[in-house]
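Examination of the molecular architecture
Listed below are the residues making up each chain.
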Amino acid sequence: MSSKVITYKADNEINTIRYLKVIDKNLIKDIEQLKSDKKILFIYDKQISNKFINEIKITLKLTGNIVYFKEIEGKKNNKNLKNFLNLFNLLIEKEFTKNSIIISCGGGVVGDMCGLLSSLYLRGTIYLHIPTTMTAIVDSCIGGKTGINYKGLINSMGNYFHPKRVYILENLITEIPDREYFAGFAEILKCGLIGNKKIINYLIKDKNLYTRKSNKNLSNLILETLQTKIKFFKNDIREKNLRLSLNFGHTFAHSIEMITEKIIKKDYLRHGEAVGLGMLCEIMLSNNGKKNKLYNLCQKILKKYNLPIKLNIYQKKRIRIHQGIYKGVFLDKKNKNNNPRYISLKKINKPKIKEILDYGLLNDTIFNIIENN
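Scope of this entry: the structure provided in the associated data block. The shown structure was predicted, so the numbers you read here are calculated from the model rather than taken from an experiment. (Residues numbered from 1 in each chain as written. Predicted model: local features only at pLDDT ≥ 70, side-chain atom pairs only at ≥ 80, totals over all residues. Heavy atoms only, no water.)

**A few points about the pairing of strand β9 (residues 165-169)**
Among the five residues that make up β9, five are buried, leaving the element largely enclosed by the rest of the structure. In β9, alternate side chains face the same way, and those of R165, Y167 and L169 on one face and V166 and I168 on the other are all buried. Pairing of strand β2 (residues 13-20) with β9, which is carried by five bridges, proceeds in the parallel orientation. Considered in β9, the bridge of L20 is made with L169. (Buried < 20%, exposed > 50% of the residue type's maximum accessible area, 1.4 Å probe, protein only. Helix = DSSP H or I, 4+ residues; strand = E, 2+ residues; numbered from the N terminus. Pairing = 2+ DSSP bridges.)

Here's what the structure looks like:
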């Protein structure tokens with residue numbers, strides 16, 4: 001496999017995803033074809049291996065463009081206004097124009113910030129993205145959602161802006177640490193549950209197909225997941241209807257993330273781990289607090305890919321965590337009429353947007369994922 005390509009249209013623009021072994025010639029060719037002013041800002045996460053970053057730097061220098069490099073730290077708490085404005089000021093300082101190129105290389109934090117940066121600077125620059133975490137590769141690298149956190153609210157500042165090119169690199173996937181790697185499988189499972197039974201069949205197969213991190217089956221799984229996500233957002237970019245289904249598990253996940261970071265520690269859970277727990281909550285809520293076959297299937301697949309199915313919280317913190325999750329659900333961006341909304345799922349491929357009206361059931365659902373110690 002040398003290259004696999006997905007092309008899709010969003011906001012009247014044609015965008016491309018490339019699945020590659022290495023990036024060099026493809027990146028050079030794409031940059032040559034773009035009508036740019038020959039200025040590039042390459043923003044990358046400092047946690048990525050120097051070997052990989054240096055390879056990209058050398059490739060960018062070969063394009064003949066003026067290239068600036070900016071290293072940032074892609075931690076959740078760094079996705080804030082201060083760091084965003086530092087990047088914005090750098091564009092002004094280097095006299096970037098609407099025809100300049102911004103290339104981001106990192107996970108969801110880096111992608112969200114750089115996407116917002118690219119969209120707001122002079123109302124839009126040329127944006128390319130190289131996702132480096134599994135969650136970013138199978139989810140956040142496409143769809144156009146950008147944002148930073150503000151006043152304690154996740155993605156409270158943001159908009160929609162699509163990268164012209166996304167590069168998924170096989171040689172980078174092999175370097176992803178196991179915990180980060182498997183965290184992405186929750187988003188893969190999500191797409192399978194809401195819109196593609198083929199993905200479920202992939203996941204039920206022998207896990208060894210995917211733990212090698214470099215094989216045809218993995219590339220097929222990733223591309224199948226991205227195609228499924230495109231199906232949900234391409235005609236509903238701004239989440240008026242169908243795209244909301246992609247939030248399956250996220251009403252609870254964002255709340256779980258926020259409160260565990262506040263009470264326990266930063267990065268206590270990976271985003272994908274929280275999404276897995278959130279999906280269990282929303283399936284249970286969909287079925288009036290019962291654990292049905294779909295719940296058991298979801299739980300089985302999560303366990304298979306080393307993802308948590310319970311929040312193991314010490315007794316003295318359990319009440320605060322419970323209260324925090326409950327409160328956080330009511331802060332979700334999808335909410336209307338003062339009631340939280342979530343994605344109800346009673347059958348595979350049949351997601352529905354619903355309001356949470358039974359607050360007692362909401363409490364019971366949260367209690368279910370907080371395990372006694």
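**A few points about the state of the cysteines**
Under the defined criterion, the tally for this structure stands at zero disulfides. We note that C141 lacks a disulfide partner, and the nearest cysteine sulfur, in C191, lies 11 Å from it. Between C281, a cysteine without a disulfide, and C298, which holds the nearest cysteine sulfur, the sulfur-to-sulfur distance is 10 Å. Relative accessible area serves as the criterion here: at 1%, C281 is assigned to the buried category. (Disulfide = S-S within 2.5 Å.)

**Structural notes on the nonpolar core**
With 99 residues, the main nonpolar core has I103, F185, I222 and F252 as its most contacted residues. The dominant element in this core, judged by the number of residues it contributes, is helix α13 (residues 271-286), at nine residues. Discounting chain neighbours no more than four positions away, the residues touching F252 are G278, C281, E282, L285, I325, V329, I356, L362, T365 and I366. In this structure, I43, I102, V109 and C114 belong to the second largest nonpolar core, which totals 18 residues. (Core = buried A, V, L, I, M, F, W, Y, C linked by side-chain atoms within 4.5 Å. Contact = heavy atoms within 4.5 Å.)

**Let's talk about unusual backbone geometry**
Most peptide bonds take the trans form, and the phi angle of most residues other than glycine is negative. The backbone of L122 sits at a positive phi, close to 50°, despite the residue not being glycine. Its location among the elements puts L122 in the loop between α4 (108-120) and β6 (126-131). The backbone phi angle of N288 is positive, close to 55°, even though this residue is not glycine. Given a relative accessible area of 59%, N288 falls into the exposed group.

**Some words on helix α9 (residues 197-204)**
Looking at α9, one finds that the buried residues are I199, I200, Y202 and L203. Viewed along the axis of α9, the buried residues span an arc of 160°, placing them on a single side of the element. Taking the backbone nitrogen of K198 as reference, a side-chain oxygen 3.0 Å away marks N196 as the first, capping residue of α9. (Arc of directions from axis to C-beta. Polar contact = N/O pair within 3.5 Å; in protein donor to acceptor, adjacent residues only side chain to side chain.)

**Here's the deal with the pairing of strand β8 (residues 153-157)**
Each regular strand shows side chains that alternate between the opposite faces of the sheet. Relative to β8, strand β7 (residues 148-150) runs antiparallel, the two sharing two bridges. Paired with I148 across the bridge in β8 is M157. Counting the residues between successive antiparallel strands, the hairpin from β7 to β8 contains two residues, one of them, K151, with a positive phi of roughly 55°.

**What to know about the packing of aromatic side chains**
Taken as a whole and assessed by the stated rule, the structure comprises 13 aromatic pairs. Aromatic side chains Y68 and F96 sit 6.0 Å apart centroid to centroid with 50° between the ring planes, which places their arrangement in the tilted category. With Y68 in strand β4 (residues 66-72) and F96 in the loop between α3 (81-93) and β5 (101-106), this residue pair connects regions lying 28 residues apart in the sequence. A residue is classified by how much of its surface remains accessible, and Y68, at 23% relative accessible area, is partly exposed. Members of the aromatic cluster, each reached through a chain of ring pairs, are Y181, F182, F185 and Y305. (Phe/Tyr/Trp six-rings, centres within 6.5 Å; stacked < 30°, edge-to-face > 60°.)

**Description of the side chain of N65**
In this structure, N65 sits in the loop between α2 (50-61) and β4. Judged by its relative accessible area of 9%, N65 falls in the buried class. There is a polar contact of 3.0 Å between the side chain of N65 and the side chain of T63. Excluding its chain neighbours within four sequence positions, the residues that come into contact with N65 are I31, S36, K38, K39 and I40.

**Some remarks on the pattern of salt bridges**
Using the criterion set out here, one finds 18 salt bridges in the structure. The shortest N-O distance in the salt bridge between E257 and K76 comes to 2.9 Å. Note that E257 is positioned in helix α12 (residues 250-263) and K76 in the loop between β4 and α3, a separation of 181 residues in sequence. Residue K94 pairs with E93 through a salt bridge whose shortest N-O separation is 3.6 Å. (Salt bridge = Lys/Arg side-chain N within 4 Å of Asp/Glu carboxyl O.)

Nothing here speaks to function; it is all geometry.
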